[in-house]
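These are the residues of each chain, in order.
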Amino acid sequence: MRPKLIVAVPTLRTSCHLHIILIVFQLFINNQWQDAQSGKTFPTINPSTGEVICHVAEADKTDVDRAVKAARAAFRLGSPWRRMDASDRGLLLTRLADAIERDAGYLAELETLDNGKPYAISYCVDIPNVVKCLRYYAGWADKWEGKTIPIDGDYFCYTRHEPIGVCGQIIPWNFPLLMQAWKLGPALATGNTIVMKVAEQTPLTALYVANLIKEVGFPEGVVNILPGMGPSAGAAIAAHMDVDKLAFTGSTEVGHLIQQASGSSNLKKVTLELGGKSPNIILSDANMEEAVEQAHFALFFNQGQCCCAGSRTYVQADIYDEFVERSVERTKNRVTGDPFDLKTEHGPQIDDEQFKKILNYIDIGKKEGAKMLCGGKAASDKGYFIQPTVFGDVHDQMTIAREEIFGPVMQIMKFKTLEEVLERANDTKYGLAAAVFTKDIDKAHYLSSGLRAGTVWINCYDVFGAQAPFGGFKASGNGRELGEYGLDNYTEVKTVTIKVPQKNS
Amino acid sequence: IGTIPPPLSAPYLTQIFIDNEWHDSVSGKVFPVYDPATGEQICEVQEADKADVDKAVQAARRAFALGSPWRRMDASERGRLLAKLADLVERDSVYLATMESLDCGKPFLTTLFVDLQGTIKTLRYFAGYADKIHGTTIPMDGEYLTFTRHEPIGVCGQIIPWNFPLMMAAWKLGPALAAGNAVVLKPAEQTPLTCLYLGALVREAGFPPGVVNILPGFGPTAGSAIASHMGIDKVAFTGSTEVGKLIQEAAGRSNLKRVTLELGGKNPNIIFADADMDLAVEQAHQGVFFNAGQCCTAGSRIFVEEPIYEEFVRRSVERAKRRVLGSPSDPTTEQGPQISQEQQARVLELIQSGISEGATLECGGKAHGLKGFYVEPTVFSNVTDDMRIAKEEIFGPVQQIMKFKTLEEVIERANDTDYGLAAAVFTNDINKAMAISTAVQAGTVWINCYNALSTQCPFGGYKMSGNGRELGECGLKEYSEVKTITMRLLAKNS
């Protein structure tokens, strides 16, 4: 490995010690650092300033081939990884969690530098959840049991829960470390090997973790990490004839391409975590203060860059005006600034492309007649900061009510009855999450049963736990991540049936 | 400051552990602890009796009260505390192995590599389960939403034996704490030292006070007080079948507390003529002699198929004669002393019965040495099923080898016992293996191996070898109370 020591971008005013950064910028294959075969690199940008942090090796098809070969070799029958006790796989995951916890400060700084999320959030939310996720799956490694089955006939029948094999994993830029942990945890607990492509916008923290993977003792080839672009490296993984399964988190648009690639290559198993336009339903008996704060958080957290962002806020008619007024006030008070400042709530968007896209949606919103109540413009002439924006009087057919904006733009709609709002909430191709704010036990259950969404929050929002499954109905995805359910995606069930001389119960 | 352990004022912790603090016994009584390799006293330990049990139960009840730190804790955090405890045991494993070896007479290296590792792995296994104890949501008939909660039972009494003190403590604490219970643990009077040290580690790990309470004392006093206590919701006992029956009666007479029992065994080890002879001889040898024969799983009835019987006996005797008796701290020692003078006397008495009932004494048969409680590795051949040595649990280094002709015969003879803890079969034939393993009435059946135990695998007895299973996911069930919650809905939808 040839890590590079560089000085922090000098224009950042930081409240923490960020002067020297140790950065890894190559491909990680077979526990070794390598340049891309082509020698190509790409820049990764600090979204707070628009400036280049460093250049990173760019993986392409030949590099994917090499990584898959390494993963395949690590998975062969009799390999150290295949022969390892399941409890030892769990112990390696625990050690990885410990190492990440040890380097939490550094990783949080690097995450904020590359992604722009406030440092306080990286340190207090992202990293601890990464550690918890890995520890959770460490615990599952030796508890993922098959069954013995009372089959008809003189047979002894049982199932083995085997790893699928070589798993491709393509992760997004909105929660780089956390998305990496959500993928590594279940895949490694169940004994698979991995070829992971990290987002080109945010490769740095995942590559640092690769170093820790080697440090704690995972055998070579078990985890391979490739920075690169979707249309080249990502497509190569999706179409690879020797990758047994692909897990993708990203846009619904690309999700379609992944599923098609699987069909036209080797029918690899596919799980998808895609976009959302999640409804947040506020009934008139809700606690107003809590509902306003939670709805604000639901949309604006992570600069609006959450797949499950509550981007359609349905407010019951008799509290609508007050709710809108309070929401606008709260939004105007949202602190935008340097993500390394501990007071900052709202950092930059991830890159120029997203920045332009979001401003365009704001324009469309205005053109289609929604009432813009605050924000609406860039917040700074450096970096990709957008003012937190609120639209009122939004109608369901407007573009901003139907398409995923993935930015700090809140839509507030009015509704009268439960039956009406349920129908409107479900009138979308998405189905990732939803929420209901009410004190009434019957209304809460009526809506939570009726909402076609993988996660329904009641009187809260964005509550996640490594223990609780998460995933989408409809075009928001296939399959569930986290919890025990998350193990299913990484398992092949083998049924073994042995003839016996005489069966007895 | 509360979690910093006080410095040790003596090499051993000898007091009663309640509410994360060390107490003298209410009565002031103490009892001696001996080194079985020499017969000499190691130290004196506070003797818990009913009054101390009452104090401990109160502490455990407070720790379990609704709204307490322990009840409000995230399940994953309970797991973190157990993982931390495992790390601390690992940190102090040489010290613990030394103390265990001294207190039990076990060879030090075996203690370090088997007992300590088993303890650490068991704690880590259950640490991982804490936040994976799932209830279910249930498609009930009618307009209802129904789900189950797997709640902790409450205050659990746990009485553990002297043959694997630390490991037995881990088998008990692991599932109980993972599931959220509070515990009153009584180690055996012969071997309290490592369990008391565990109390110090429990406090250092950060468990809230009262969650774990450790009371050294005697069965008829402290143990009996636990079994009869009206404020204890469940008792788990590992020990002799004789005492297991008393525990069950006490539970019935008091508050119908839930009872799980891990008792004795007279475990059949069945060797077919097509077995790998070297493997079978060595495994059968270790199977009965491990831990000086002091295992509930000891393979103490070895059924050998007629064609290979003579050869098997010859090789087993030769192996037994090579078994190295010695000081537990000597790295070449294979076998240490029996735990106490009483146990040694009991073993020798049963050996005498074997001789007088007509079995052939092939080697051993006597006490060994002038100091400590050693018994020579002893082999009996030509044993018939009606002899005492074939029926009673000896719990000593005495191997019984019997002859059998057919599969059906050996299954019947293997099952002809009130016990049912473990069994093994050695054969190359898949059909024989499947037939025996299905037919034998035993909680664990080993095929071409013996004593292959691991924390992921449920373990427990059929018939009078016990009730319930420890370890594995099954182990958690015994420490949960299932609550069904049914809520009226306005309109059910699938």
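The shown structure was predicted, so the numbers you read here are calculated from the model rather than taken from an experiment.

Caption draft 1: Structural view of the overall build of chain A. Along its length, chain A carries 16 helices and 22 strands. For chain A, whose C-alpha radius of gyration is 24 Å, the value lies close to the compact-globule estimate of 23 Å for 505 residues. Overall, the C-alpha framework of chain A stretches about 75 × 60 × 40 Å when taken along its three principal axes. Within the span of chain A, comprising 505 residues, buried residues form 59% of the whole. The long-range share in chain A, meaning contacts at least 24 apart out of those at least 6 apart in sequence, stands at 73%. Carbon and sulfur atoms form 52% of the exposed surface of chain A, whose accessible area is close to 19,700 Å². For chain A, the separation between the mean place of its 53 positive charges and that of its 60 negative charges on side chains is 4 Å.

Caption draft 2: View of the interface of chain A and chain B. Listed by partner, the interface residues are 23 residues for chain A and 24 residues for chain B. Together, the buried faces of chain A and chain B total about 2,000 Å²; carbon and sulfur atoms form 57% of this surface. The three residues of chain A that bury the most area against chain B are K143, D442 and H445 of chain A, which together make up 24% of that side's buried surface. Taken together, chain A and chain B are joined by one salt bridge. The salt bridge partner of D442 of chain A is R488 of chain B, with a shortest N-O separation of 3.8 Å. The interface formed by chain A and chain B includes five residue pairs in polar contact (both at pLDDT 80 or more). Only α3 (86-102), α5 (119-140), α15 (441-450) and β22 (491-499) of chain A provide two or more residues apiece to the side of chain A that touches chain B. No other element matches α5 of chain A, which puts five residues into the side of chain A that touches chain B. Considering only residue class, the side of chain A that touches chain B consists of eight nonpolar, five polar and ten charged.

Caption draft 3: Region of the structure containing helix α14 (residues 418-426) of chain A. Here α14 of chain A has its buried residues at L418, V421, L422, R424 and A425 of chain A. Buried residues in α14 of chain A make contact with β14 (279-282), β15 (312-316), β18 (409-415) and α15 of chain A.

Caption draft 4: Broad picture of the packing of aromatic side chains. What the rule picks out here adds up to 28 aromatic pairs over all chains. Note on F17 of chain B and W22 of chain B: the rings are 4.8 Å apart at their centroids and 50 degrees apart in plane angle, and the pair reads as tilted. Look at F17 of chain B and you get buried, because its relative accessible area is 0%. Consider the rings of F164 of chain B and F290 of chain B, whose centres lie 6.2 Å apart with planes at 25 degrees: the pair is stacked. Here F290 of chain B lies in the loop between α10 (277-289) and β13 (301-305) and F164 of chain B lies in the loop between β7 (155-159) and α6 (165-178), a separation of 126 residues in the sequence. Among the aromatic residues, those joined into a ring-pair cluster are W182, W457, Y461, F464 and F470 of chain A. Against the face of Y125 of chain B rests K143 of chain A, its NZ or CZ located 4.0 Å from the ring centre. It is K143 of chain A that lies over the ring of Y129 of chain B; its NZ or CZ is 5.2 Å from the centre.

Caption draft 5: Just the sheet that holds strand β20 (residues 455-458) of chain A, in detail. All names here are of chain A. Judged by pairing direction, the sheet is mixed, and its seven strands sit side by side in the order β16-β17-β18-β15-β14-β19-β20 without closing on themselves. Single-partner strands in this sheet number two, and they are β16 (371-374) and β20. Here the strands of the sheet are splayed against their neighbours by 20 degrees on average, with no regard to which way each runs. The sheet contact formed by β14 and β15 spans four bridges and is parallel. Its bridge partner lying in β15, I281 is registered against Y314.

Caption draft 6: Representation of the confidence of the model for chain B within the structure. Of all residues in chain B, 98% have pLDDT values of 70 or greater, and the mean over the chain is 96. Of the two predicted TM-score estimates for the complex, the pTM is 0.91 and the ipTM is 0.86.

Caption draft 7: Broad picture of the UniProt feature "active site" (unreviewed entry) in chain B. Residue and element names in this part refer to chain B. Mapped onto this numbering, the UniProt entry annotates "active site" (unreviewed entry) at E262. Here E262 is to be found in strand β11 (residues 258-262). Sequence-distant contacts of E262, defined by excluding residues within four places in its chain, comprise F237, T238, G239, L421, F459, G460, S465, G468, R469 and E470.

Caption draft 8: Inspection of the UniProt feature "domain: Aldehyde dehydrogenase" (unreviewed entry) in chain B at higher detail. The UniProt record annotates "domain: Aldehyde dehydrogenase" (unreviewed entry) at residues 22-485 of chain B. Taken as a whole, residues 22-485 of chain B contains 41% helix and 20% strand, while its terminal C-alpha atoms sit 41 Å from one another.

Caption draft 9: Region of interest: the environment of K499 of chain A. Positionally, K499 of chain A belongs in strand β22. Between the alpha carbons of K499 of chain A and D285 of chain A there is a distance of 64 Å; along the sequence they are 214 residues apart.

Caption draft 10: Expanded view of the pattern of salt bridges. Taken as a whole and judged by the stated rule, the model has 61 salt bridges over all chains. The shortest N-O distance in the salt bridge between E189 of chain B and K186 of chain B comes to 3.7 Å. With a relative accessible area of 21%, E189 of chain B lands in the partly exposed category. The exposure class of K186 of chain B is buried, given its relative accessible area of 2%. For E311 of chain B, the salt bridge is made with R315 of chain B, and the minimal N-O distance between the two is 3.0 Å. Taken together, the positions of E311 of chain B and R315 of chain B, both in helix α11 (residues 309-321) and four residues apart, correspond to about one turn of that helix. Among the charged side chains, a salt-bridge network with shared partners connects R95, D98, E101 and R135 of chain A.

Caption draft 11: Broad picture of the environment of V335 of chain A. Mapped onto the elements, V335 of chain A comes out in the loop between α11 (317-332) and α12 (352-367). Setting aside chain neighbours within four positions, we find V335 of chain A in contact with K343, T344, E345 and H346 of chain A.

Caption draft 12: Layout of the pairing of strand β19 (residues 422-426) of chain B. Residue and element names in this part refer to chain B. Taking burial as the measure, the five residues of β19 include five buried ones, the bulk of the element. What you see with β19 is no split at all: A422, A424 and F426 on one side and A423 and V425 on the other are buried throughout. Here strand β12 (residues 268-271) pairs with β19 via three bridges, running parallel. The residue bridging I270 from the neighbouring strand is V425, located in β19. Pairing analysis gives four bridges linking β19 to strand β20 (residues 444-447), with the strands arranged parallel.

Caption draft 13: Quick peek at the environment of P11 of chain B. Residues and elements named next belong to chain B. Here P11 lies in the segment before β1 (16-18). Judged by relative accessible area, P11 falls into the exposed class, the value being 54%. Considered as a pair, P11 and M99 are 88 residues apart in the sequence and their alpha carbons are 9.7 Å apart.

Caption draft 14: Structural context of the nonpolar core. Counting 98 residues, the largest nonpolar core has L96, I100, L134, L184, L188, F218 and F323 of chain A as the members making the most contacts within it. Broken down by element, this core gets its largest block of residues, ten residues, from α5 of chain A. Excluding its chain neighbours within four sequence positions, the residues that come into contact with L188 of chain A are W81, R89, L93, I194, F218, V222 and V223 of chain A. Of all hydrophobic cores here, the second largest spans 67 residues; its members include Y129, Y197, V211 and L476 of chain B.

What counts, and at which threshold
- Residue positions are counted from 1 within each chain, in the order its sequence is given.
- A letter from A marks each chain and a number from 1 marks each ligand, given out in the order of writing.
- Selection of residues for local features in this predicted model requires a pLDDT of at least 70, selection of side-chain atom pairs for listing and counting requires 80 or more, and totals for whole chains, interfaces and linings are taken over all residues.
- Processing note: side-chain calculations cover all non-hydrogen atoms of the structure and skip hydrogens and water entirely.
- Only runs of H or I of at least four residues qualify as helices and only runs of E of at least two qualify as strands under DSSP, and these elements are numbered from the N terminus.
- Computation of the radius of gyration draws on C-alpha atoms alone. For the globule rule, the value is 2.2 Å times the number of residues to the power 0.38.
- Categorising residues by exposure relies on relative accessible area from a 1.4 Å probe, with only protein chains included: less than 20% of the type maximum marks a residue as buried, more than 50% marks it as exposed, and the intermediate range marks it as partly exposed.
- By the convention used here, residues are in contact when the closest approach between their heavy atoms is within 4.5 Å.
- All accessibility values rest on the Shrake-Rupley procedure with a 1.4 Å probe; residue burial counts only the protein chains present in the view.
- Counting rule applied: Lys, Arg positive; Asp, Glu negative; His and chain ends not counted.
- Charge placement uses NZ in Lys and CZ in Arg. For Asp and Glu, CG and CD serve respectively.
- As used here, buried area is the combined drop in accessible area, with a 1.4 Å probe, of two parts when they are placed together.
- We define a salt bridge as a contact between a side-chain nitrogen of Lys or Arg and a carboxyl oxygen of Asp or Glu at a distance within 4 Å.
- Side-chain atoms alone can form a polar contact between residues adjacent in sequence; in general such a contact is a pair of N or O atoms within 3.5 Å, and within protein one must be able to donate a hydrogen while the other accepts it.
- Each residue gets one label: Ala, Val, Leu, Ile, Met, Phe, Trp, Tyr, Cys and Pro are nonpolar, Asp, Glu, Lys and Arg are charged, and the others, such as Gly, are polar.
- Working definition: rings of Phe, Tyr and Trp (its six-membered ring) pair if their centres are within 6.5 Å, and the pair is stacked with planes under 30 degrees apart, edge-to-face with planes over 60 apart, and tilted otherwise.
- A positively charged side chain is recorded as over a ring if its NZ (Lys) or CZ (Arg) lies within 6 Å of the ring centre. The angle to the ring normal must also be within 35 degrees.
- If DSSP finds at least two bridges between two strands, the strands pair.
- Fitted lines through C-alpha atoms give the axes, limited to the stretch in contact for helices. The angle between two N-to-C directions lies from 0 to 180 degrees.
- The predictor rates its confidence in each residue with pLDDT, a number between 0 and 100.
- UniProt positions are given in the numbering used here, feature names are shortened, and annotations may be inferred rather than shown by experiment.
- Residue types Ala, Val, Leu, Ile, Met, Phe, Trp, Tyr and Cys, when buried and joined through side-chain atoms within 4.5 Å, form a set referred to as a nonpolar core.

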